[in-house]
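What the coordinates show
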Amino acid sequence: SQPARIQFLRQLRRRAPERAAPLLQSTWKDESPEDRSSFLAELAVGLGPADEPFLESALADKRKEVRQTAARLLSRLPGSAYVRRMADRVRPLLSFTAGQSGSALKLKRAQRPLLEATLPAACDAEMQRDGVEARPPAGTGEKAWWLIQMLEAAPLRTWTDAWSAAPDEI
């Protein structure tokens, strides 16, 4: 039964995480679309770089839930190709100007830090493969939605490294 198989995968993941993904991959094509997402979510326990190739392949799944689960897991792997792709996409869309303190005699005004965003022009097939949903939720602009999703997947280090600034400065 599916619940018993999920429980087995969960236990295997806790004991020998390196064995779970290859086992899942061996039965992947025979799994129902509904079950693939549930099984894939179990890889969250003990998630590591060895899971990346399988998760990358799951980004091409026909089922939206499977692609979303794979993207969510890949975003938790800081050195993954997925994270690098998302950071590369979003890096040119943000610019940062550090704040400057004013002078004691008020001869020079203080300037607050400035963060500017440019909205992406399109949500192409590669972005959608990486889990960026083209259709926004009600009340959110389409381009803003694409930017939000890419920002969520880019690690904070993307910005602290690019701008040589601490998070509290940004």
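In this report, the structure presented in the accompanying data block is examined. Model, not experiment: these values are computed from the prediction. (Residues numbered from 1 in each chain as written. Predicted model: local features only at pLDDT ≥ 70, side-chain atom pairs only at ≥ 80, totals over all residues. Heavy atoms only, no water.)

Here's the deal with the nonpolar core
Within soluble globular proteins, side chains that are nonpolar tend to cluster in buried spots. We count it as follows: Residues grouped as a nonpolar core are buried Ala, Val, Leu, Ile, Met, Phe, Trp, Tyr and Cys residues, joined through side-chain atoms within 4.5 Å. Buried residues are those whose accessible area, probed at 1.4 Å on protein chains only, stays under 20% of the maximum for their type, while exposed residues exceed 50% and partly exposed ones sit between those limits. The contact criterion used is simple: two residues touch if any of their non-hydrogen atoms lie within 4.5 Å.
Counting 42 residues, the largest nonpolar core has Leu 40, Leu 43, Leu 55 and Tyr 82 as the members making the most contacts within it. Non-local contacts of Leu 43, meaning those with residues more than four positions away in its chain, are made with Arg 13, Ala 20, Ala 21, Leu 24, Asp 51, Phe 54, Leu 55 and Leu 73.

So, helix H3 (residues 33-41)
To be explicit about the condition: Helix numbering and strand numbering both begin at the N terminus, where a helix is a DSSP run of H or I of at least 4 residues and a strand a DSSP run of E of at least 2.
Residues of H3 that are buried include every one of Asp 35, Arg 36, Ser 37, Phe 39 and Leu 40, and no others. On its buried side, H3 packs onto helix H1 (2-15), helix H2 (17-27), helix H4 (52-58) and helix H5 (64-74).

Comments concerning the pattern of salt bridges
Put simply, the test is: Basic side-chain nitrogens of Lys or Arg form a salt bridge, by our definition, when they fall within 4 Å of a carboxyl oxygen of Asp or Glu.
Using the criterion set out here, one finds 14 salt bridges in the structure. Asp 51 is paired through a salt bridge with Arg 13; the nearest N and O atoms lie 2.3 Å apart. Taken together, the residues Asp 51 in the loop between H3 and H4 and Arg 13 in helix H1 connect sequence positions 38 residues apart. Residues joined by salt bridges that share partners form a network here, namely Glu 56, Arg 85, Arg 89, Arg 129 and Asp 130.

Concerning the packing of aromatic side chains
The relative placement of two aromatic rings is captured by the distance of their centres and the angle of their planes. Where we set the bar: Two rings from Phe, Tyr or Trp (for Trp, the six-membered ring) form a pair when their centres are within 6.5 Å of each other. A pair whose planes differ by under 30 degrees is stacked, one over 60 is edge-to-face, and the rest are tilted. We call a charge positioned over a ring when the NZ of a Lys or the CZ of an Arg lies within 6 Å of the ring centre and within 35 degrees of the ring normal.
Across all of its chains, the model carries 3 aromatic pairs by this definition. Centre to centre, the rings of Trp 28 and Phe 54 are 5.0 Å apart; their planes meet at 85°, and the pair counts as edge-to-face. On the criterion of sequence distance, the pair formed by Trp 28 in the loop between H2 and H3 and Phe 54 in helix H4 is long-range, its members being 26 residues apart. Trp 28 gets classed as buried once you look at its relative accessible area, which sits at 14%. By relative accessible area, Phe 54 is classed as buried at 4%. Pairwise contacts between aromatic rings join Phe 96, Trp 159 and Trp 163 into one cluster. Here the basic side chain of Arg 36 rests over the ring of Trp 28, its NZ or CZ set 5.9 Å away from the ring centre.

What about the packing of H1 against H2?
Threshold: Axes here mean lines fitted to C-alpha atoms, for a helix over just the part in contact, with angles spanning 0 to 180 degrees between N-to-C directions. Under the grouping applied here, Gly and all other residues not named as nonpolar or charged are polar, the nonpolar ones being Ala, Val, Leu, Ile, Met, Phe, Trp, Tyr, Cys and Pro and the charged ones Asp, Glu, Lys and Arg.
It is the contact of H1 with H2, at a shortest axis distance of 6 Å, that shows an interaxial angle of 145°. Between H1, through Arg 5, Phe 8, Leu 9, Leu 12, Arg 13 and Arg 15, and H2, the contact on the second element is made entirely by Pro 17, Arg 19, Ala 20, Ala 21, Leu 23, Leu 24 and Thr 27. Here the residues of the contact of H1 with H2 are counted per class, giving 8 nonpolar, 1 polar and 4 charged.

A word on the side chain of Glu 31
Here is the rule: We define a polar contact as two N or O atoms separated by no more than 3.5 Å, with the added condition that, inside protein, one atom must be a possible hydrogen donor and the other a possible acceptor, whereas residues neighbouring each other in sequence contribute only through side-chain atom pairs.
For Glu 31, the location among the structural elements is in the loop between H2 and H3. A residue is classified by how much of its surface remains accessible, and Glu 31, at 6% relative accessible area, is buried. At 2.3 Å, the side chain of Glu 31 forms a polar contact with the side chain of Arg 5. When near neighbours in sequence (up to four residues on either side) are disregarded, Glu 31 contacts Arg 5, Arg 36 and Phe 39.

Re helix H8 (residues 142-153)
In an α-helix, one full turn covers 3.6 residues, which means residues spaced three or four apart are oriented alike. Condition: Take the residue count of a helix, subtract one, and multiply by 1.5 Å to get its expected span.
Given a rise of 1.5 Å per residue, 12 residues ought to cover 16 Å, and the 17 Å separating the end C-alpha atoms of H8 matches this to within 8%. Those residues of H8 that sit buried are Trp 145, Trp 146, Leu 147, Gln 149, Met 150 and Ala 153. In this structure, the buried residues of H8 make contact with helix H6 (81-90), strand E2 (114-117) and helix H7 (125-129).

Points about unusual backbone geometry
Negative phi characterises most residues that are not glycine, and trans characterises most peptide bonds. A positive phi angle, near 45°, is found at Ser 164, a position not held by glycine. For Ser 164, the position within the fold is in the segment after helix H9 (157-163).

Quick notes on the pairing of strand E1 (residues 94-97)
Let me state the cut-off plainly: When DSSP locates at least two bridges between a pair of strands, those strands are taken to pair.
Only one face of E1 is covered, namely the one carrying Leu 94 and Phe 96; the face carrying Ser 95 and Thr 97 has none of its residues buried. Pairing geometry for E1 and E2, over 4 bridges, is antiparallel. Residue pairing for E2: Ser 95 is matched across the bridge by Glu 116.

Worth remembering: the numbers are spatial, not functional.
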